[in-house]
Amino acid sequence: MSSKSIAQPDINSSEFLEYLEHALDGPVVLQKPMSPAEYMAILSAINASQQDSGYEIMENSVFTIVQHSRALYFWLINYAVRVFSGIYNEAAVLQGESLLTYYLKQWKHFQWSCRLLSNLFTSIDKQWIEREWNTNYMCVAETLVQLWYRYLFKPISTRLVSSAITLINSERSSGVIDSMLIVKLYKSFMELRPLNMPEIHVNYREYFGVYIRYYEMPYIDAVVRYIDSNIHNLRTANKLRQYIEKLHTLVLQEEQHAKQYLCPESLVPLQTHINNEFLIRYIEPINNLVTQMVMDDPDGLRISYALLQRFEKYSVLQHLQTEFVSNARDSILLNCPKFPEDGRASMSEFTLNAIAYLSDHYELGKATINTLFNGNLIFDKAFEHMFKELINSNKVENWFKVNPARLAAEYCNLVLKSRTTTELNFTDMLKKAMNVFKASSNRTMFYSFYSLHLSRRLINSTIITMDFERTAISIIYETALSIENEGEVSIAGLAAINFDKHKQMISEISAQQPHVELENCQASARVLSEEVWDSVKPDADRNIVLPKQLSKACDQFSTHFNNRVIKWQWRHTTATAQVHFPQSKSKYAMFTFVLNAFQVAILSLFTEPMAASDDPVYTIQQINKETNISVERIDAELNIMTKAKILIRTQDGIKLNQYYNSKHQRIDISRIKTIIKRREEQKLECEVAENQIKYVTADIVHLMKSFKTISHNELFERVGSRRGNYFTVTMPLFKAAISKLLDKEYICRNSDDLNVYEYLA
């Protein structure tokens, strides 16, 4: 089909056939020359005819539909074969880029000619071809496509693809090529779709048989050969580390080429061939190498993962995930802080170090997954699961000597009390505790101890700023909600109730508080509504006997609040008392002590009656009678005051240390930790444990009603799974609940097998 170009006339004009004859390099009819007007009349009549039998347009005409359609059809075939043979002869002497250019030019002209002839021979397609279809005649357009494929494309297809691959190889060697030429070539292969050709039939991509058979497969084979030529020596020399690194570079390079020179559907077959040829064959040595890389070769691990993620259905990626998580767990346990048995480090320092250590390793693991494994969700979930199991394991709790959830609450308390905490580091430090809080299954304990410490900070004025407290509550609440959104129960509702009350406490403390002034006495009070004291148990010693000045101050406050009942929390008070020690050898004779109300009441017994007795002595029972303070509280406060050497113990009892000596004129003993405080914390732990026993007991009863008879181990597993999102059900906790139900005769042991329980209705 000639490449001559003339102006294309209107298809309805008489000049159209002259144009067609010029484009085809010959007349359309073979037997009798006709004028353009005759051509147009005959073709119009043929196209307009709807008859199935012969139809004569004019007398003695060479054209009748039935008699001459066959002749015209075969003429068209002979004509196309001659034209395609001529194109092939011209292409035979070409190669490389010139061959591709020539072929694409002829393909474009062929597509135009197909459209032209299909329009011209509409009558053949609509009438004669339809009737003759069972004799293997095809429409004009399909016939021309078949001829193009058989007589032109197929003979030169190998040379076309070889020329394209040669150009791509030149580009790999930093050569400059016309990349659009290759793109147009593979698209022309996709557009060529001859029918009924078994040799190019593909079940899953049936319309692209020519493209797959003649372009995609040779291209993939060429890529495999190119990669193999570059890494064959590394593989035979057993340099697997260099082999993986080089393979990774080549795979990335070839995938970039493939995105340009292959259709998107071809990327999967390319990856499959690369996997089969260069990875799956060497799974076992790669597995062994990956195990070593997890320990000491992060760069190699990143490269290995980039390759191994290409076939997740194989066990290699699972092996890598298992090795990474196991190594991360071992790394955390390797230098995990342990509770200082020798007491050289303080509990505060240990708490800060332990939570920071766990959080830093958690963040490191998450960052490693993002860096080495592109944030793979499977790796991320496996790491999260490992960290949760570790936080809730007995090993960590035994090392810390305290539950990690409680330790996280203690950490928050230290951060919120420390004067070194600033706006810059406050949020980051608090989030370290949140990492442990999220992983802990015993979040109830965290809430309980956080509430306790928060109340103490507010009442004792050990907070840094109210803004920090509000921000901390918001961070904890948002973290609890995020856990719920992940499908876990975090008891965020319980936290919200407690924290709302603490917010109310913050508001009340922030408000202006009453202040009174008496002779030698100034007093101010924080008056809080009773509902915000849930976390701080009320004082058992309410009706203590105070010194006169403090008693007057309390009366003044009652008057200020219109004689409303005020329940004083004496253990949270702070008082300043000046005591004169005339026999002291210090440069000071008058010392100022910061005390709580109990200590003031006790100390006043030794200082106020100085005129009556120079050196009064009291026993604990006498102090109890004089002050109305419980013996347990007196003993605790005397331990502090004797340790501070303000009072001394003798065989007769307790008396004032007349020779008190100190470098400091002002001494604060109100904040010294007491046995009472430790007992309060132990009591809180017991309360949490009792609540957990109640839940476990209820679960056991529910399960026993369903199963009637169940073994010890199965019952333990089922209860653990039901309570897993709330707290960890330990064996001692489970046995305590079982013992409680056995005592109440809700269940009993099977007489034949003591490890089996039966429900008693």
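Quick caveat, the model's predicted, so the values are computed rather than measured. Residue positions are given per chain, counted from 1 along the sequence in the order it is written. The predicted nature of this model means local features are confined to residues of pLDDT at least 70 and side-chain atom pairs, given and counted, to a pLDDT of 80 or more, with totals for whole chains, interfaces and linings taken over all residues. Values shown for side chains rest on all heavy atoms present in the structure; no hydrogens or waters enter the calculation.

**Brief notes about the packing of aromatic side chains**
Part 1 of the reasoning: Centres within 6.5 Å are what make two rings of Phe, Tyr or Trp a pair, Trp counting through its six-membered ring; a difference in plane orientation under 30 degrees is then read as stacked, over 60 as edge-to-face, and the rest as tilted. Applying the stated criterion across every chain yields a total of 33 aromatic pairs.
Part 2 of the reasoning: Ring centres of Phe153 and Tyr214 lie 5.2 Å apart, and the angle between their planes is 85°; on these two criteria the pair is classed as edge-to-face. Separated by 61 residues along the polypeptide, Phe153 in helix H6 (residues 140-172) and Tyr214 in helix H8 (residues 209-236) bring together distant segments of the chain.
Part 3 of the reasoning: Throughout this description, buried means an accessible area under 20% of the type-specific maximum (1.4 Å probe, protein chains only), exposed means over 50%, and partly exposed covers the range between. Since its relative accessible area comes to 0%, Phe153 is described here as buried.
Part 4 of the reasoning: With a relative accessible area of 8%, Tyr214 lands in the buried category.
Part 5 of the reasoning: Plain terms: the ring middles of Phe446 and Tyr450 are 5.8 Å apart, the flat faces sit at 20° to each other, and that makes the pair stacked. Residue Phe446 and its partner Tyr450 are both found in helix H19 (residues 443-460); the two are separated by 4 residues, about one turn of the helix.
Part 6 of the reasoning: A ring is considered to have a charge above it if a Lys NZ or an Arg CZ atom is located within 6 Å of its centre and within 35 degrees of its normal. The aromatic ring of Tyr226 is capped on one face by Arg172, whose charged end is 4.3 Å from the ring centroid. Segments assigned H or I by DSSP are reported as helices when at least four residues long, segments assigned E as strands when at least two residues long, and all are numbered from the N terminus.

**Quick notes on the pairing of strand E11 (residues 756-759)**
Part 1 of the reasoning: Between any two strands, pairing holds if DSSP finds at least two bridges. As paired strands, strand E9 (residues 709-711) and E11 are joined by 3 bridges and run antiparallel to one another. In the strand pairing of E11, Thr709 is matched with Glu758.
Part 2 of the reasoning: Connecting strand E10 (residues 747-749) to the antiparallel partner E11 that follows it, the hairpin turn spans 6 residues.

**Side note on the confidence of the model for the protein chain**
Part 1 of the reasoning: pLDDT is a per-residue confidence score from the predictor, ranging from 0 to 100. Model confidence for the protein chain is summarised by a mean pLDDT of 75, while 72% of its residues fall at 70 or above.
Part 2 of the reasoning: Within the protein chain, the element-level pLDDT minimum falls on helix H2 (residues 36-48), averaging 49, and the maximum on helix H7 (residues 179-191), averaging 90.
Part 3 of the reasoning: In this analysis, two residues are considered to be in contact whenever any of their non-hydrogen atoms come within 4.5 Å of each other. For the stretch residues 23-34, pLDDT sits under 50, and the model shows 29 contacts to residues farther than four places along the chain or on other chains.
Part 4 of the reasoning: Across residues 45-67, where pLDDT falls below 50, the model places 31 contacts with residues more than four positions away in sequence or in other chains.

**What to know about the sheet that holds strand E3 (residues 575-580)**
Part 1 of the reasoning: As summarised here, the arrangement of the 3 strands in space is E3-E4-E8, forming an open sheet in which the pairing is mixed. Every other strand in the sheet has two partners, leaving E3 and strand E8 (666-668) as the edge strands with one partner each. Mean inter-strand twist for the sheet, computed between neighbouring axes without regard to direction, equals 25°.
Part 2 of the reasoning: The pairing of E3 with strand E4 (residues 590-595) spans 6 bridges and is antiparallel. Bridge assignment links Ala577 to a residue of E4, and that residue is Phe593.
Part 3 of the reasoning: To define axes, lines are fitted to C-alpha atoms, for helices over the stretch in contact only, and angles between the resulting N-to-C directions are given on a 0 to 180 degree scale. Together, E3 and E4 form the strand contacts of helix H23 (residues 597-607), whose direction differs from that of E4 by roughly 145°.

**What about the packing of helix H9 (residues 240-261) against helix H10 (residues 267-278)?**
Part 1 of the reasoning: Where H9 meets H10, the closest approach of the two axes is 11 Å, and the angle between their N-to-C directions is 160°. The angle between H9 and H10 places the two elements in the roughly antiparallel class. Crossing angle aside, the handedness with which H9 passes H10 is right-handed. Of the residues in H10, those touching H9 at Tyr243, Leu247, Val251, Glu254, Glu255, Ala258 and Lys259 are Leu267, Leu270, Gln271, Ile274 and Phe278.
Part 2 of the reasoning: Within the contact of H9 with H10, the residues separate by chemical class into 8 nonpolar, 1 polar and 3 charged. The labels follow the angle: roughly parallel below 35 degrees, roughly antiparallel above 145, roughly perpendicular from 65 to 115, and oblique for the rest. Left-handed describes a crossing in which the near helix is turned anticlockwise from the far one by less than a right angle; the clockwise case is right-handed. Put simply, Ala, Val, Leu, Ile, Met, Phe, Trp, Tyr, Cys and Pro go in the nonpolar bin, Asp, Glu, Lys and Arg in the charged bin, and everything else, Gly too, in the polar bin.

**A closer look at the pattern of salt bridges**
Part 1 of the reasoning: Whenever Lys or Arg places a side-chain nitrogen within 4 Å of a carboxyl oxygen from Asp or Glu, that contact is recorded as a salt bridge. On inspection of all chains with the given rule, the structure shows 10 salt bridges.
Part 2 of the reasoning: The closest approach of N and O atoms between Arg470 and Asp467, which form a salt bridge, is 3.3 Å. Linking Arg470 with Asp467, this pair stays in helix H20 (residues 466-485), spanning 3 residues, or about one helical turn.
Part 3 of the reasoning: Assessed through its relative accessible area of 36%, Arg470 is described here as partly exposed.

**A look at unusual backbone geometry**
Part 1 of the reasoning: At Lys401, a position not held by glycine, the phi torsion is positive, near 65°.
Part 2 of the reasoning: Look at Glu745: it is not a glycine, yet its phi comes out positive at around 60°.

**Overview of the sheet that holds strand E6 (residues 647-649)**
Part 1 of the reasoning: Ordered by their spatial adjacency, 3 strands build an open sheet running E5-E7-E6, and the pairing between neighbours is antiparallel. Of all strands in the sheet, those bounded by a partner on one side alone are strand E5 (617-618) and E6.
Part 2 of the reasoning: Relative to strand E7 (residues 654-656), E5 runs antiparallel, the two being bridged by 2 bridges. Residue pairing for E7: Tyr618 is matched across the bridge by Ile654.
Part 3 of the reasoning: In this fold H23 packs onto E5, E6 and E7, with an angle of close to 70° to the strand it touches most, E7.

**Concerning the packing of helix H27 (residues 712-723) against helix H28 (residues 731-743)**
Part 1 of the reasoning: Remark: H27 packs on H28, axes separated minimally by 11 Å, with the N-to-C direction vectors making an angle of 110°. In terms of orientation, H27 lies roughly perpendicular with respect to H28. In terms of crossing hand, the pair formed by H27 and H28 is right-handed. Of the residues in H28, those touching H27 at His712, Leu715, Phe716 and Val719 are Met731, Phe734 and Ile738.
Part 2 of the reasoning: In terms of residue class, the contact of H27 with H28 is made up of 6 nonpolar, 1 polar and no charged.

**Focus on the environment of Ala472**
Part 1 of the reasoning: If you trace the backbone, Ala472 turns up in helix H20.
Part 2 of the reasoning: If near-sequence neighbours (up to four positions away) are discounted, Ala472 is found in contact with Leu416, Phe426, Leu430 and Tyr450.

**Re helix H17 (residues 404-417)**
The α-helix advances 3.6 residues per turn, and as a result positions three or four apart in sequence lie on the same side.
Part 1 of the reasoning: Multiplying 1.5 Å by the residue count of a helix minus one yields the expected span of that helix. For H17, with 14 residues, the first-to-last C-alpha span of 20 Å sits near the 20 Å given by 1.5 Å per residue.
Part 2 of the reasoning: Of all 14 residues in H17, 13 are buried; the element is thus mostly enclosed.
Part 3 of the reasoning: Polar contacts, as counted here, are pairs of nitrogen or oxygen atoms within 3.5 Å of one another; within protein the pair requires one atom able to donate a hydrogen and one able to accept it, and residues that are adjacent in sequence qualify only if both atoms are side-chain atoms. The backbone nitrogen of Ala405 lies 2.8 Å from a side-chain oxygen of the residue at the head of H17, namely Asn403.

**Examining the environment of Leu267**
Part 1 of the reasoning: Mapping Leu267 onto the fold places it in helix H10.
Part 2 of the reasoning: With relative accessibility at 23%, the residue Leu267 sits in the partly exposed group.
Part 3 of the reasoning: Sequence spacing of Leu267 and Ile220 is 47 residues, and the spatial spacing of their C-alpha atoms is 9.6 Å.
Part 4 of the reasoning: Here Leu267 is in contact with Ala258 and Lys259, once residues within four sequence places are set aside.

**Some details on H10**
Part 1 of the reasoning: In a regular helix each residue adds 1.5 Å, so 12 residues correspond to 16 Å; H10 covers 16 Å between its end C-alpha atoms and thus fits that length.
Part 2 of the reasoning: Every buried residue of H10 is listed here: Pro269, Leu270, Ile274, Asn275 and Phe278.

**A few points about the side chain of Glu410**
Part 1 of the reasoning: With respect to the helices and strands, Glu410 occurs in helix H17.
Part 2 of the reasoning: Accessibility expressed as a relative area gives 14% for Glu410, which makes it buried.

**Some points on the nonpolar core**
Part 1 of the reasoning: Membership of the largest hydrophobic core comes to 70 residues, with the highest contact counts inside it found for Phe84, Tyr103, Trp148, Phe153, Phe189, Tyr211 and Tyr215.
Part 2 of the reasoning: For this core, the secondary structure elements donating two or more residues are helix H3 (65-91), helix H4 (96-120), H6, H7, H8, H9 and H10.
Part 3 of the reasoning: Among the elements that line this core, the one with the most residues is H6, at 15 residues.
Part 4 of the reasoning: Beyond its immediate chain neighbours, meaning those up to four positions away, Phe189 contacts Phe153, Leu160, Val161, Val210, Tyr211, Tyr214 and Tyr215.
Part 5 of the reasoning: Of all hydrophobic cores here, the second largest spans 65 residues; its members include Leu308, Ile369, Phe379 and Leu407. What is meant by a nonpolar core is a set of buried Ala, Val, Leu, Ile, Met, Phe, Trp, Tyr and Cys residues, joined one to another through side-chain atoms within 4.5 Å.

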